[in-house]
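Listed below are the residues making up each chain.
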Amino acid sequence: MFRKLWALLTAPSPAIQDRAERRQARLLASLLLLLVVRAVAGVIYGEINPIFDPQWDTRYLFELVGFTAFFLLSYSLSRTRAYTLAAAIAVIGFCLGVFFVVFPYTDPLDMYWFVYLVVPILVASLYFSWRWTATLTTVNLAGMVLFTAAHPEISLTEHMPFTFVLLVAVLIIIMMQHRDRLERDRRAELAASEARYRLLTENFPNGGIVLFDHDLRCTLAEGSSLMTVGLSRETMEGKTLRELCPPHLYDQMARICRSVLGGETLVAEIPYMDCVWEVRVLPIRDAAGAIVAGLMISQDVTARVQAEDALRQERGLFLSGPVVVFKWAAQEGWPVEYVSPNVQDVFGYSPDYFEGERACFTHIIHPDDLPLVVPTPEVFTQPTLPSTEQEYRILDGRGEYRWVHDYTVVVWDAQQQAISHLRGYLLDITARRQAIDALRDHHDRLEEQVTARTAELIAANTRLQALSAAKDTFVSNVSHELRTPITNLRLYHGLLARNPADADDYLAVLQRETERLNRIIEDLLHLSRMDQDQEVVQVAAVDLNALVREYTTDRLPQIEGQDLTLAVHLRPGLPPVEADAGLLGQVLSILLTNAINYTPAGGQVTVHTLCDPAETADADCASPDRVGFRVKDTGPGFPPDEMVRLFERFFRGQAGRASGMPGTGLGLAIAQEIAQRHGGCLEAASDGDDQGASFTLWLPARPLPPEDAPLPPDGAPSVQSGG
């Protein structure tokens, strides 16, 4: 109990890290604590003794209390980092106490108190240099001389131990000089040794060296690997293991270091910062055999560990699972000298199948793999033959080819002059190869699907861009087409309001513009319904001859009124088509209207029904199972450069603009949309200006029974004319 309390009262400050300094601080604290106890005991004695001895002199009690406070201050400082300051204060205070506390209240002839002057000299020799100790000795001796000068009755040589103090001080100073000289020599030798040691450790290949003390504090750190883990000598030396190690490594490293300081030598592999370090820790002993420190040598062995792992994996390839061992003679054909018994379970051959010369290993290798696997005889005469590792197919005992992984080792004779034999380890990897092939096929299919999907997305994006451009064009054209009739309506409405007398003329114009606006809106709504698949198509069998006859008959009055001639040529036995009769009639009506409007007086409009693929100039429309009708006029026609735009919405060619005929430019676009919805096509043709134009609709024909097959024309076509 007393030892624990004493250790607690004399424990040095945690800020003092060096072991030697901690020992000196503890020794100073112990001496000062004894002096404090002695001074406190003196104070207590001075307070109590007058009770029992009235003659007791209490005059020096005040000085004794001050002396006690002085030692308490020194003791408090000795527990801090400034323990050397505490030693200086204690030495000075002790000397002052001797001269100003002990001397005034002591018989001058009792010279034993001068022995107290030796104590501060001894303390100074422990904590200061010999020069400071000599100075203190000189001051004390001078005080003794002054003391004898003040007391003539005292002899310096007879009564005062002047010679004793002087001899003791001189001996102490000589010993200190010798100690300091030895310390300087030891430090110089240690510095030279440390310089050599640092030179060695700085060039330590791929590693580092750390020296640590009993407090697990790093006292030396060198090595090229420190920078690899973000450390350096400056950041390591003077710091504890807890400050340097990450939390997950501290417990392990602390256990290792403490075991080494206990006398063990340990080696461990520790992973840290994506590397594997081999750490070798051993104790450092002094001349007496006591352990004074620990030495940690670390080296980056990542490459070695990876190589060992790879070697273990490589060996595991042949040792985990059914591995068959073959021994081949180093001769042409690889005759088998030995095969492991498990060849029966793995490849379906009994071990004696390969015995003697009945079968060579090359007989079971796939013919396509044989040139890649079997070396030529010349290879066996080479000075060196490397080990091989390859994959190939062999024929098993069940008549099936199996993939094997072959790891072959070359075994040399004792003189290393010739190849003794080859030892091979065969592992059945058929399942793995099948899985790889399946994965490769899946990858190829996936690549094809990705490529196809990418092409679809690109095409869809192209269509979206085209639709966006068409939308912009459509909006622009609609705005333009609607602006003209609306402007005219507003104009003539204003004129009608200002000139009621001309109301008939103005109302006629308003009627025409209203009808024009209505046609535009109806055509737009029709196109919109078709674009959104909202147009109801009522499919039925349609007779094109009857359809043409009906619509041309209805247009005869208009044709005769414009002094035109109409010729209709109907193909006998024309197969019907699956279509919406109303929509086909709309196409025919659009084509007839354009032909009548653009044909000058005296001209002719001709309508044909067709069943001959040779009658079309468009290769996309030519098909043996198509029928259709053609509307041809003798009007102005259209130039070749307008061909690509004829079916654009709101497009009106040069002839349309020059004729002044009413129109929206949507008719042919609607006709083409109807043709495409029926799986057909609409083609246009013209030989140029004033050469007329023809428009032909082709549709898929509905198959007919043999008795209803079309007949060749056997007479003149029917012709209706007006004039």
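Computed from a predicted model, the values in this text were never measured in an experiment.

Novice: In this structure, what is going on with the pairing of strand E6 (residues 323-329)? I would like to understand it.
Specialist: Both faces of the sheet carry side chains from a regular strand, because those side chains alternate between them. For E6, a buried count of 5 out of 7 residues is recorded, marking the element as mostly surrounded by other parts of the structure. Across 7 bridges, the pairing between E6 and strand E10 (residues 419-428) is antiparallel. Each residue of the ladder has a partner; that of Lys327, found in E10, is Arg423.

Novice: Honestly, the pattern of salt bridges in this entry has me stumped. Any pointers?
Specialist: If the charged atoms of two oppositely charged side chains come close together, the side chains can form a pair. What the rule picks out here adds up to 9 salt bridges. Arg402 is paired through a salt bridge with Asp428; the nearest N and O atoms lie 3.0 Å apart. With a gap of 26 residues between them, Arg402 in strand E9 (residues 401-412) and Asp428 in strand E10 connect regions that are remote in the sequence. Residue Arg402 is classed as partly exposed on the basis of its relative accessible area, which comes to 22%. The partner of Glu456 in a salt bridge is Arg453, and the shortest N-O contact between them spans 3.1 Å. Of this pair, Glu456 and Arg453 both sit in helix H14 (residues 430-498), separated by 3 residues, roughly a single helical turn.

Novice: What is the right way to look at the confidence of the model for the protein in this model?
Specialist: Regions with low pLDDT carry predicted coordinates that are not meant to be interpreted in detail. Looking at the protein, pLDDT values average 76 and 72% of them are 70 or higher. Low pLDDT, under 50, characterises residues 706-719; the predicted model gives this stretch 11 contacts beyond four residues in sequence or across chains.

Novice: What am I meant to see in a nonpolar patch on the surface here?
Specialist: On the surface, a cluster of nonpolar side chains totalling about 320 Å² of accessible area is made up of Leu27, Leu31, Leu34 and Leu126. Ranked by residues supplied to the nonpolar patch, first place goes to helix H2 (residues 19-52) with 3 residues. Under the relative-accessibility criterion, Leu31 is labelled partly exposed at 32%.

Novice: Looking at this structure, how should I read the sheet that holds strand E17 (residues 693-700)?
Specialist: What the 5 strands build is an open sheet, ordered E12-E14-E15-E17-E16; its pairing is mixed. Two strands in the sheet have a free side with no partner beyond their single neighbour: strand E12 (565-569) and strand E16 (681-686). Ignoring strand direction, the axes of neighbouring strands in this sheet form an average angle of 15 degrees. Across 5 bridges, the pairing between E12 and strand E14 (residues 604-610) is parallel.

Novice: What is the right way to look at a negative patch on the surface in this model?
Specialist: A grouping of Asp441, Asp444, Glu447 and Glu448 is seen on the molecular surface, where their side chains present a negatively charged patch. Structurally, Asp444 is set in helix H14.

Novice: When you look at the packing of helix H16 (residues 544-561) against helix H17 (residues 581-598) in this model, what are you seeing that I'm missing?
Specialist: The angle between the axes and the distance between the axes are what describe a pair of packed helices. Closest axis-to-axis distance for the H16/H17 pair is 10 Å, and the angle between their directions is 35 degrees. Judged by the sense of rotation from one axis to the other, the crossing of H16 with H17 is right-handed. Touching Leu544, Leu547, Val548, Tyr551, Thr552, Arg555, Gln558 and Ile559 of H16 are Ala581, Leu584, Gly585, Gln586, Leu588, Ser589, Leu592, Thr593, Ile596 and Asn597, all from H17.

Novice: Any chance you could explain the packing of aromatic side chains here in plain terms?
Specialist: What describes a pair of aromatic rings is the distance from one ring centre to the other and the angle between the planes of the rings. On inspection of all chains with the given rule, the structure shows 1 aromatic pair. Taken together, a centroid distance of 6.3 Å and an interplanar angle of 45 degrees make the contact between Phe638 and Phe695 tilted. Placement of the pair is Phe638 in the loop between strand E15 (626-633) and helix H18 (654-659) and Phe695 in strand E17, with a sequence separation of 57 residues. Of the residues examined, Phe638 reaches a relative accessible area of 6% and is grouped as buried. With a relative accessible area of 10%, Phe695 lands in the buried category. Cation over ring: Arg433 sits above Trp403, and NZ or CZ is 3.7 Å from the ring centre.

Novice: Before we go on, may I ask you to explain the sheet that holds E10 in this structure?
Specialist: Sheets are built from strands paired through backbone hydrogen bonds, the pairs being either parallel or antiparallel. A sheet is described by the order of its strands in space; here 5 strands give the open sequence E7-E6-E10-E9-E8, paired in antiparallel fashion. Of all strands in the sheet, those with a lone pairing partner are strand E7 (336-339) and strand E8 (388-395), marking the two edges. Averaged over all adjacent pairs, the angle separating strand axes in this sheet is 30 degrees, with direction ignored. Here 9 bridges tie E9 to E10, and the two strands are oriented antiparallel to one another. Within the sheet, the bridge partner assigned to Val404 lies in E10 and is Asp428.

Novice: What should I look at first to understand the side chain of Asp633 in this one?
Specialist: In this fold, Asp633 is placed in strand E15. Salt bridges are absent for the buried Asp633, whose nearest opposite-charge side chain, Lys632, sits at 8.8 Å. Within polar-contact distance, the side chain of Asp633 engages the backbone nitrogen of Gly635 at 2.9 Å. When near neighbours in sequence (up to four residues on either side) are disregarded, Asp633 contacts Ala595, Thr599, Gln604, Gly692 and Ala693.

Novice: Any chance you could explain the packing of H17 against helix H19 (residues 667-677) here in plain terms?
Specialist: At a closest axis distance of 9 Å, the pairing of H17 and H19 adopts a crossing angle of 150 degrees. By crossing handedness, the relation of H17 to H19 is classed as left-handed. Each of Leu583, Gln586, Val587, Ile590, Leu591 and Asn594 in H17 lies in contact with H19, whose residues at this interface are Gly667, Leu668, Ile670, Ala671 and Ile674. In terms of residue class, the contact of H17 with H19 is built from 8 nonpolar, 3 polar and no charged.

Novice: Before we go on, may I ask you to explain the pairing of E17 in this structure?
Specialist: The buried fraction of E17 is high, at 7 of 8 residues. As paired elements, E15 and E17 share 7 bridges and run antiparallel to each other. Paired with Arg626 across the bridge in E17 is Pro700. Relative to E17, E16 is paired through 6 bridges, and the arrangement is antiparallel. Bridge assignment links Cys681 to a residue of E17, and that residue is Trp698. Linking two consecutive strands that pair antiparallel, namely E16 and E17, is a turn of 6 residues; a positive phi of about 125 degrees is found at Gly688 within it.

Cut-offs applied
- Starting afresh in each chain, residues are numbered from 1 along the sequence in its written order.
- Under the rules for a predicted model, residues below a pLDDT of 70 receive no local features and side-chain atom pairs below 80 are neither given nor counted, while totals for whole chains, interfaces and linings still include all residues.
- Each side-chain value is derived from all of the structure's non-hydrogen atoms; neither hydrogens nor water enter the calculation.
- For every residue, the accessible area (1.4 Å probe, protein chains only) is compared with the maximum for its type, and the residue is labelled buried under 20%, exposed over 50%, or partly exposed between those bounds.
- In this text, helices come from DSSP runs of H or I with a minimum length of four residues, and strands from runs of E with a minimum of two, each type numbered from the N-terminal end.
- Two strands pair if DSSP finds at least two bridges between them.
- Should a side-chain nitrogen of Lys or Arg be within 4 Å of a carboxyl oxygen of Asp or Glu, the pair is scored as a salt bridge.
- Across the chain, each position has a pLDDT score giving the predictor's confidence in that residue, from 0 to 100.
- Contacts are assigned to residue pairs with any non-hydrogen atoms lying within 4.5 Å of each other.
- Exposure above 30% relative accessible area and no salt bridge define the residues that can form patches, which grow by joining like charges within 9 Å and nonpolar side chains of Val, Leu, Ile, Met, Phe, Trp and Tyr within 5 Å.
- Method for areas: the Shrake-Rupley scheme with a 1.4 Å probe, in which residue coverage is limited to the protein chains shown.
- Lines fitted to the C-alpha atoms define the axes, with helices restricted to the stretch that makes contact. Angles between their N-to-C directions range from 0 to 180 degrees.
- The sign given to each residue is positive for Lys and Arg and negative for Asp and Glu; His and the chain ends receive no count.
- By convention, the charge on Lys lies at NZ, on Arg at CZ, on Asp at CG and on Glu at CD.
- Left-handed describes a crossing in which the near helix is turned anticlockwise from the far one by less than a right angle; the clockwise case is right-handed.
- Only rings of Phe, Tyr and Trp enter the pairing, Trp through its six-membered ring, and a pair is recorded when the two centres are within 6.5 Å. The plane angle decides the type: under 30 degrees is stacked, over 60 is edge-to-face, the rest tilted.
- The criterion is that NZ of a Lys, or CZ of an Arg, lies within 6 Å of the ring centre and within 35 degrees of the ring normal, and then a charge sits over that ring.
- Pairing of N or O atoms within 3.5 Å defines a polar contact, subject to two protein rules: one partner must be a possible hydrogen donor and the other a possible acceptor, and residues neighboring in sequence count only if both atoms are side-chain atoms.
- In this classification, the charged set is Asp, Glu, Lys and Arg, the nonpolar set is Ala, Val, Leu, Ile, Met, Phe, Trp, Tyr, Cys and Pro, and all remaining amino acids, among them Gly, are polar.

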